[in-house]
Every structure is written in C-alpha cells, then in structure tokens.
Amino acid sequence: TPNNCVECHETEVKEFADSNHSARSWYAVQGAENFTPEELAKYHLLDANGNPLNGGKANGVFNLIGRDASAQSCEVCHGIGEKNSDGSFGDCTKCHLRHTFAVDQARKPETCAQCHLGPDHPQAEIYNESPHGTYYQANQANYNMKAPSGTLTVYDFPAPTCATCHMSAFGSVAGTHNVGLRLKWSLAPELASVRTDGEAHRQTINAVCLNCHAQPLIDEENAKAEKTIALSNENVRKGKAIIQDLRDSGLLGTKSF
C-alpha cells in the first residue's frame with residue numbers, strides 16, 4: 001500500500017494522494033460509503049457547501065449495473081484508489097506491476113490502457129490512432145524504457161507515451177505522480193470545466209510538447225481542442241434542455257434518464 005511505499009517514496013506518495021488515481025477514483029464506485037468525514041475533507045470529496053460530492057452516491061453507471069457486475073468491471077480499474085486495511089488509499093501496483101515493480105512498465109502505454117479505454121474514457125484508442133501511438137507501435141524497440149528517472153530526452157523516447165506527457169520528467173518539466181497537474185480541463189463531468197490552475201497546467205504540458213514541436217503547432221492544436229470542448233458543452237446544454245422540457249411536460253415520468 002502507499003503506507004509501505006512512503007518509507008522510500010514520500011514525494012511520489014504525496015503526489016499520488018492528491019491525484020484522481022487515489023481516493024477520488026474509489027469514491028466513484030463507492031460514494032461516501034466507508035469514508036470518514038476527515039477522509040472526505042482530506043481528499044477533496046466535499047462540495048462548496050461541505051456535503052459529499054454527488055450526494056454521497058456512487059457513479060450512475062455503478063448504480064445501474066450493480067455491485068456484483070462492478071466487481072469485475074468498474075472496481076477492477078477504480079481499485080487503483082481502493083481503501084486499504086491500514087487506512088491508506090491506493091494500489092501502486094496497478095501501474096508498477098507486482099514482483100518486478102519496474103519503472104519501464106509504468107512508462108508503457110499498454111499499462112495505462114488497462115483502464116483508460118472504451119466509450120466512456122477512450123484515451124487508449126485515441127493514442128493508438130494518433131501519430132504518436134502509430135510511431136510507438138512501429139518502433140518500440142528504439143525506446144529506452146529503462147532510462148533513469150529525470151534523464152529522459154527525445155533520444156530515449158522519440159515519440160511520447162502517455163507517461164511522457166502526463167507524468168515523466170522530460171526536458172525542463174519535473175516529474176509527478178499527480179496525473180492531473182498537466183491538464184487544463186476536467187472532461188469527465190457532463191459539462192467540461194477548467195480545473196483549478198488549469199491554464200498553468202496547460203503551460204506545463206506545452207513545455208513537454210516543445211521538446212519536439214514548434215510553438216505555432218502547439219497553439220494550433222490547443223485552439224482546436226478549445227473549439228471542440230466548447231461545441232461539446234453547447235450540445236450537452238441543448239440536450240439537457242430538451243430532456244428537461246420533456247420531463248416538465250410529464251412525458252418522461254419521474255425516473256432518472
């Protein structure tokens with residue numbers, strides 16, 4: 001558990017605890033169940049009024065499929081933040097697989113793709129279909145996956161893996177085990193929103209991109225992303241308005257849609 005790892009990796013455990021891979025991941029499939037008030041506060045699981053997020057309920061998909069089915073689906077991945085018997089949250093071996101606990105395993109996109117795939121979070125498919133993913137699949141033998149932490153350059157990673165952009169120390173950017181510190185937007189909610197310090201996070205990941213790309217290309221890709229997010233939010237608002245109108249007119253009944 002993180003309480004074992006913290007004896008040598010204090011910084012990494014602290015960063016992990018602050019990330020969505022920790023208790024917040026487990027909260028999605030458990031809700032406030034088995035969380036103490038102190039834990040809810042520590043892991044930022046309270047809303048602006050001091051109440052548990054989502055009314056203390058688990059994610060809607062979990063509620064739909066039930067606990068038995070979730071044990072072989074949702075909880076397999078969200079177990080990266082599961083509460084342990086020693087009171088800690090998280091399972092470091094989800095990425096640093098058991099027995100070898102090797103850094104090169106955590107750097108490979110296949111490790112991230114254990115969980116970040118499928119229609120509700122298709123990051124693996126997006127990466128595999130991108131130029132970065134295509135290059136990786138064709139040239140894996142050219143990657144120096146075992147390079148010491150803090151030394152990675154484009155010679156070790158001629159195209160990025162997931163970890164290169166989101167976690168690794170690369171160029172002028174320090175490494176982190178908080179996978180949200182290089183993301184501007186929170187895309188999981190119905191309506192995407194800018195994260196706290198989101199613009200600073202984007203500048204951090206842009207600094208990673210600058211190891212291979214010129215600033216005009218980076219600016220162009222960011223602008224495309226902003227337009228896509230704005231359009232998605234607009235479409236969600238329109239859809240919610242249609243559903244609310246049907247509900248207000250009594251055509252949908254009282255059950256959640």
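Parameters at a glance
Residues numbered from 1 in each chain as written. Predicted model: local features only at pLDDT ≥ 70, side-chain atom pairs only at ≥ 80, totals over all residues. Heavy atoms only, no water. Buried < 20%, exposed > 50% of the residue type's maximum accessible area, 1.4 Å probe, protein only. Helix = DSSP H or I, 4+ residues; strand = E, 2+ residues; numbered from the N terminus. Contact = heavy atoms within 4.5 Å. Salt bridge = Lys/Arg side-chain N within 4 Å of Asp/Glu carboxyl O. Axes fitted to C-alpha atoms, helices over the stretch in contact; angles between N-to-C directions. Parallel < 35°, antiparallel > 145°, perpendicular 65-115°, else oblique. Left-handed = near helix turned anticlockwise from the far one by under 90°. Nonpolar A, V, L, I, M, F, W, Y, C, P; charged D, E, K, R; others polar. Core = buried A, V, L, I, M, F, W, Y, C linked by side-chain atoms within 4.5 Å.

### Topic: helix α3 (residues 23–30)
Most of α3 is tucked away, with seven of its eight residues classed as buried. Among all positions of α3, only A23, S25, W26, Y27, A28, V29 and Q30 are buried. Considering only its buried residues, α3 is in contact with α4 (37–42), α5 (60–65), α6 (67–70) and α7 (74–78).

### Some remarks on the pattern of salt bridges
Scanning all chains against the criterion turns up eleven salt bridges. With a closest N to O distance of 3.2 Å, E199 and K184 form a salt bridge. Of this pair, E199 sits in helix α13 (residues 198–209) while K184 sits in the loop between α12 (162–166) and β1 (185–186), placing them 15 residues apart in sequence. For K184, a relative accessible area of 13% translates into the label buried. With a shortest N-O distance of 2.6 Å, E226 and R202 are connected by a salt bridge. Residue E226 is located in helix α14 (residues 215–248), and its partner R202 is located in helix α13; the two are separated by 24 residues in the primary sequence.

### Concerning the environment of T134
The topology assignment puts T134 in helix α11 (residues 131–138). In sequence terms T134 and A159 are 25 residues apart; their C-alpha atoms lie 9.4 Å from each other. Beyond its immediate stretch of four places on either side in the chain, T134 contacts N128 and E129.

### What to know about unusual backbone geometry
The backbone of F101 shows a phi angle near 50°, a positive value even though the residue is not glycine. Summarising the element assignment, F101 is placed in the loop between α7 and α8 (103–107). Relative accessible area serves as the criterion here: at 39%, F101 is assigned to the partly exposed category. One non-glycine residue, D197, adopts positive backbone phi at about 60°. Within the element layout of this structure, D197 appears in the loop between β2 (193–194) and α13. Classification of D197 as exposed rests on a relative accessible area of 56%.

### With respect to the packing of α13 against α14
Between α13 and α14, the shortest axis-to-axis distance is 11 Å and the interhelical angle comes to 135°. Classed by the angle they form, the pair α13 and α14 counts as oblique. Relative to α14, α13 is oriented so that their crossing is right-handed. Contact with α13, carried on its side by R202, N206 and C209, involves I218, N222 and E226 of α14 and no other residues of that element. Here the contact of α13 with α14 is composed, by residue class, of two nonpolar, two polar and two charged.

### A closer look at the nonpolar core
Within the largest apolar cluster, 13 residues are counted, with the highest numbers of intra-cluster contacts made by Y27, F35, L40 and L45. Each residue touching F35, except ones within four places of it in the same chain, is listed here: A23, W26, Y27, L40, L45 and F89. With eleven residues, the next largest nonpolar core counts L152, F157, A159 and V173 among its residues.

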